[in-house]
Amino acid sequence: MLEIAKRLTQALARAKDEDEMLAELSAELQKSSGADSVEILLRDPAEALVLRASTISPELVYRVKLGKGVGLCAEVMTNGKPIFLPKHAHQDERYASYPGHEDRESEAVAIIPLPDQSGVVEFGHHTPWPLPKARQQQLISLVELGADYLFAYRAAYQAGTQVNRLGALSEVSKIISTSPYVEEILQLLVNLTAQQFNYTVCTVRLLDETRGELVLRATQAPAKAYQRKRAIKLGESIAGRAIAENRPIIVADVQEEADYIGHDLAVEQGLRSMICMPLTIQDRPVGVLSCYTSEIHTFGSDEIKALETLAKQAAVSIEHAKLQVRHTLMQEMHHRVKNNLQQIASLLRLQIRHSQYKSLEEALNDVQSRILAIASVHDLLSREDLDHVGIRSIAETLVQLHQTSLILPDKRISFQVTGDDVHLNMTQATQIALVLNELISNAIQHGYEIASEGEIHVNVEERDGEVSLWVSDSGDQLPADFDAAKHGHLGLQIVDSLV
């Protein structure tokens, strides 16, 4: 025991984080026990057991999770008593196999709970493994000793975190100040803040002053539901209060706070305490940094001061990056204009080859419509977020253009634009503007040749990483024998090509 204690002391000094400490601990427990494998599973906020260290399958760390009540490990957690199976362990009905792990199943296992019931240690043996009382007690003592070192590491880390806030602050500030890109700065900010301050989730929302909304722009949370959280109005959110009052807002428990938006997700992700830190530059709000812990947490004064300093640095870095992007966009604008002029020239060549126009005026109207669609993207770029434009913003702009130019006086057509405002880069936005332009003008010109009134809907849907764009009208029905390949005019050919 003296020898393993010495080695664990050395491991404690070497470990840079808890994951390294657990890896060192599992290796030492295997060496001292004579087992073929050692795996450490710790309980998460949802009461599941997560594989945190493995000497036999390190690639599965964090990827294996045993739900509450699943397997021998769960029984040990429930009863608080170890289980020893010297042979035929994998045949036990309570034995839970990992996917892709079947070839490494143990013939014998010893599963021992940590003293604080926060997890278990599983010793495995490929062949039958005699486990008399003395051997069982030795394994229990090894786990208790290892747990002492793990708890000591956590206590030291927590103390070190409190003392070394300035070091963490310096590290995050230094890295985010070196990036010239807004998106990269935001992602670095949430990743490094969560890592350095030991937060479960960090998010950044930037202020959209036009809509009065805080839009989620970065998070290190792996859950897709969290990444797709909707924009929130300034007046309806705790984050909005942080901006309005220009001060940090702390919530002791988001699962119990009545004003917090998203209780269900907070419970699902195991989030408890939160601090919202406004990002401001010269008293002008830019956004808000929100940090969450998985346990009820008291944010100390040194921690708050460090986050305030970090928020100011982040706001400056964001503003600097925006200026750099604007400068770069100005330099590249002539390239974009040239490309768009080439695109217009291509559209003109296509029109020349099509003779369906009844008059020169009709042909010129089509050209004008397409040029205005491209121009609308440039106009939005000058007003929106530098090099990204929202699809809904494009649709709303095109709807306004068509309402004033295409609808005849005897037609009463209303428009509705709904759905997610998915942001696109310049190239994508230009293509989508042309597609939408054709679909909306088709709906007006061909959907209401007979009908005199109706609706045209544009809907944007984002689901599981895919974006769908719908244009529909309540006007004339398509002929029963309609075939886009045969009956489609130039507009639909352009749509098909761009899509």
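See the structure above.
Presented here is a report on the structure given in the accompanying data block. (Residues numbered from 1 in each chain as written. Predicted model: local features only at pLDDT ≥ 70, side-chain atom pairs only at ≥ 80, totals over all residues. Heavy atoms only, no water.)

Next up on the list: the overall build of the protein. The helix and strand inventory of the protein stands at 15 helices and 17 strands. Of all 499 residues assigned to the protein, the portion counted as buried reaches 44%. Accessible surface, the protein as shown: approximately 25,900 Å² in total, 51% of it carbon and sulfur. (Helix = DSSP H or I, 4+ residues; strand = E, 2+ residues; numbered from the N terminus. Buried < 20%, exposed > 50% of the residue type's maximum accessible area, 1.4 Å probe, protein only. Areas by Shrake-Rupley, 256 points an atom, 1.4 Å probe, with all protein chains shown as cover.)

Strands pair in a sheet through their backbones, by hydrogen bonds, and they do so in one of two ways: parallel or antiparallel. Reading across the sheet, the six strands line up as β9-β8-β7-β12-β11-β10 and stay open at both edges, with antiparallel pairing between neighbours. Looking at strand neighbours, the two that pair on one side only are β9 (232-233) and β10 (249-251), the edges of this open sheet. Packing of helix α6 (residues 182-197) onto the sheet brings it into contact with β7 (201-208), β8 (213-219) and β12 (284-292), and relative to β7 it is tilted by some 150°. Of the strands in this sheet, β8, β9, β10, β11 (274-281) and β12 are in contact with helix α8 (residues 238-245), which crosses β11 at around 40°. (Pairing = 2+ DSSP bridges. Contact = heavy atoms within 4.5 Å. Axes fitted to C-alpha atoms, helices over the stretch in contact; angles between N-to-C directions.)

A few words now on the nonpolar core. If you look at the biggest cluster of nonpolar residues, it comprises 28 residues, and the most contacted ones within it are V204 and L279. At the level of secondary structure, the elements contributing two or more residues to this core comprise α6, β7, β11, β12 and α10 (301-353). Sort the elements by how many residues they give to this core and α10 lands first, with eight residues. Not counting chain neighbours up to four residues away, the residues in contact with V204 comprise L186, L189, V190, V215, L216, R217, A218, L279, V288 and L289. Membership of the second largest hydrophobic core comes to 26 residues, among which are M21, V38, I40 and L114. (Core = buried A, V, L, I, M, F, W, Y, C linked by side-chain atoms within 4.5 Å.)

What follows is about the packing of aromatic side chains. Under the criterion given, the structure shown has three aromatic pairs. Relative to Y199, the ring of F197 has its centre 5.8 Å away and its plane inclined at 10°; by these criteria the two rings are stacked. Like F197, the residue Y199 is buried in the burial classification. Each ring, one from Y199 and one from F299, has its centre 6.3 Å from the other, and the planes form 50°; the classification is tilted. (Phe/Tyr/Trp six-rings, centres within 6.5 Å; stacked < 30°, edge-to-face > 60°.)

The next subject is the sheet that holds strand β2 (residues 49-54). With respect to topology, six strands assemble into an open sheet ordered β3-β2-β1-β6-β5-β4, the strand pairing being antiparallel. One side of each edge strand has no neighbouring strand; the edge strands of this open sheet are β3 (65-66) and β4 (83-85). Pairing between strand β5 (residues 108-113) and strand β6 (residues 119-125): six bridges, direction antiparallel. Following the sheet pairing, P113 is matched in β6 by V120. Along the sheet, helix α2 (residues 18-33) contacts β1 (37-43), β2 and β6; its crossing angle with β1, the most-contacted strand, is approximately 140°. Helix α3 (residues 71-79) contacts β1, β2, β3, β4, β5 and β6 of the sheet and is inclined by roughly 30° relative to β5.

Before going further, it helps to examine empty space enclosed by the protein. Within the structure shown, the criterion is met by three cavities of 30 Å³ or more. In this model, the second largest cavity occupies a volume close to 40 Å³. Lining the second largest cavity, in full, are L22, L25, L29, I40, L42, L114, V121, V143, G146, A147 and L150. At the level of secondary structure, the elements contributing two or more residues to the lining of the second largest cavity comprise α2, β1 and α4 (133-163). At four residues, the largest contribution of residues to the lining of the second largest cavity is made by α4. (1 Å grid on protein atoms, 1.4 Å probe; cavity = no way out; pocket = protein on both sides within 12 Å on 5 of 7 lines; lining within 4 Å. Points joined across faces, edges and corners; volume = space filled by probe spheres on them.)

The next thing to look at is the pattern of salt bridges. Following the criterion strictly, the structure yields 12 salt bridges and no others. Taking the shortest distance from any N to any O, the salt bridge between R241 and E245 comes out at 3.8 Å. Of this pair, R241 and E245 are both found in helix α8, four residues apart, which corresponds to roughly one turn of the helix. Judged by its relative accessible area of 35%, R241 falls in the partly exposed class. (Salt bridge = Lys/Arg side-chain N within 4 Å of Asp/Glu carboxyl O.)

Let's shift gears to the environment of M274. Mapped onto the elements, M274 comes out in strand β11. Among the residues examined, M274 registers a relative accessible area of 2% and is labelled buried. Along the chain, M274 and A252 lie 22 residues apart, while their C-alpha atoms are 6.7 Å from each other. If near-sequence neighbours (up to four positions away) are discounted, M274 is found in contact with I238, I249, I250, V251, V254, Y260, C291, Y292 and F299.

For α2, spanning 16 residues, the distance from its first C-alpha to its last is 22 Å, which sits close to the expected 22 Å at 1.5 Å a residue. Phi for G34, located one or two positions after α2, is positive at around 80°. (Expected span 1.5 Å × (residues − 1).)

Right, let's get into the side chain of Q136. Residue placement: Q136 occurs in helix α4. If near-sequence neighbours (up to four positions away) are discounted, Q136 is found in contact with F84 and L131.

Taking 1.5 Å as the rise per residue, α6 with 16 residues should run 22 Å; its terminal C-alpha atoms sit 22 Å apart, in good agreement. Those residues of α6 lying buried are V182, I185, L186, L189, V190, L192, T193, A194 and F197. Positive phi shows up at N198, right after α6, with a value of about 60°.

Moving on, we get to the pairing of β5. Of all six residues in β5, six are buried, a share of seventy percent or more. Neither face of β5 is left uncovered, since the one carrying A108, A110 and I112 and the one carrying V109, I111 and P113 both have all their residues buried. Looking at chain direction, β4 and β5 are connected through three bridges and run antiparallel. Note on β5: the bridge partner recorded for F84 is A110. What sits between the antiparallel neighbours β5 and β6 is a turn of five residues, in which Q117 has the positive phi angle 60°.

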